[in-house]
Amino acid sequence: MSKKHVQIGQVFQPVGGGAARGWRVTATVNLLGIPHARVVSTEDEGVSKTLSCSVLADTSHYRLIASDPAGGIAA
């Protein structure tokens, strides 16, 4: 598993999903002491979910496809 940090503005895509939607990190939170990321779909910002940061950083599950170092949402 990767030790990379999940940051606001990064966009991840599920591995093996072909043309699967991307998920942009909008916030990071600790739930019961475990780091999680709140993500929204890049296709429909009305669709959101919360994922463990360790799952997002695990390259067997998700791959980083874009990173916004300023942490802003690109228009």
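These remarks concern the structure in this document. The shown structure was predicted, so the numbers you read here are calculated from the model rather than taken from an experiment. (Residues numbered from 1 in each chain as written. Predicted model: local features only at pLDDT ≥ 70, side-chain atom pairs only at ≥ 80, totals over all residues. Heavy atoms only, no water.)

**Topic: the side chain of S52**
Consideration 1: Inspection of the secondary structure puts S52 in strand β4 (residues 48-52).
Consideration 2: According to the relative accessible area criterion, S52 is buried, its value standing at 15%.
Consideration 3: At 2.8 Å, the side chain of S52 forms a polar contact with the side chain of S54.
Consideration 4: The contacts of S52, once residues within four sequence positions are left out, are I34, P35 and H36. (Helix = DSSP H or I, 4+ residues; strand = E, 2+ residues; numbered from the N terminus. Buried < 20%, exposed > 50% of the residue type's maximum accessible area, 1.4 Å probe, protein only. Polar contact = N/O pair within 3.5 Å; in protein donor to acceptor, adjacent residues only side chain to side chain. Contact = heavy atoms within 4.5 Å.)

**Focus on the nonpolar core**
Consideration 1: Counting residues in each nonpolar core, the largest one holds 11 residues, listed as V6, F12, W23, V25, A37, V39, L51, C53, L56, A57 and Y62.
Consideration 2: Secondary structure elements with two or more residues in this core: β2 (23-31), β3 (34-41) and α1 (53-57).
Consideration 3: The leading source of residues in this core is α1, at 3 residues.
Consideration 4: Once you skip the residues sitting within four places of it in the chain, V39 turns out to touch W23, R24, V25, T26, V47, S48, K49, L51 and L56. (Core = buried A, V, L, I, M, F, W, Y, C linked by side-chain atoms within 4.5 Å.)

**Some remarks on the packing of aromatic side chains**
Consideration 1: Summed over the entire model, instances satisfying the criterion amount to 0 aromatic pairs.
Consideration 2: The ring of W23 has K49 sitting right over it, with the charged end atom 4.2 Å from the ring centre. (Phe/Tyr/Trp six-rings, centres within 6.5 Å; stacked < 30°, edge-to-face > 60°. Lys NZ or Arg CZ within 6 Å of the ring centre and 35° of its normal.)

**What to know about the environment of V25**
Consideration 1: Summarising the element assignment, V25 is placed in strand β2.
Consideration 2: Residue V25 is classed as buried on the basis of its relative accessible area, which comes to 0%.
Consideration 3: The sequence separation of V25 and S67 amounts to 42 residues, and the corresponding C-alpha distance is 9.7 Å.
Consideration 4: When sequence neighbours within four positions are dropped, the list of residues in contact with V25 reads V6, Q7, I8, G9, Q10, F12, A37, R38, V39 and L56.

**Examining the pairing of strand β1 (residues 11-14)**
Consideration 1: Pairing between β1 and β2: 2 bridges, direction antiparallel. Paired with V11 across the bridge in β2 is R24.
Consideration 2: Across 4 bridges, the pairing between β1 and strand β5 (residues 62-66) is antiparallel. Each bridged residue has a counterpart across the sheet, and for V11 the counterpart in β5 is A66. (Pairing = 2+ DSSP bridges.)

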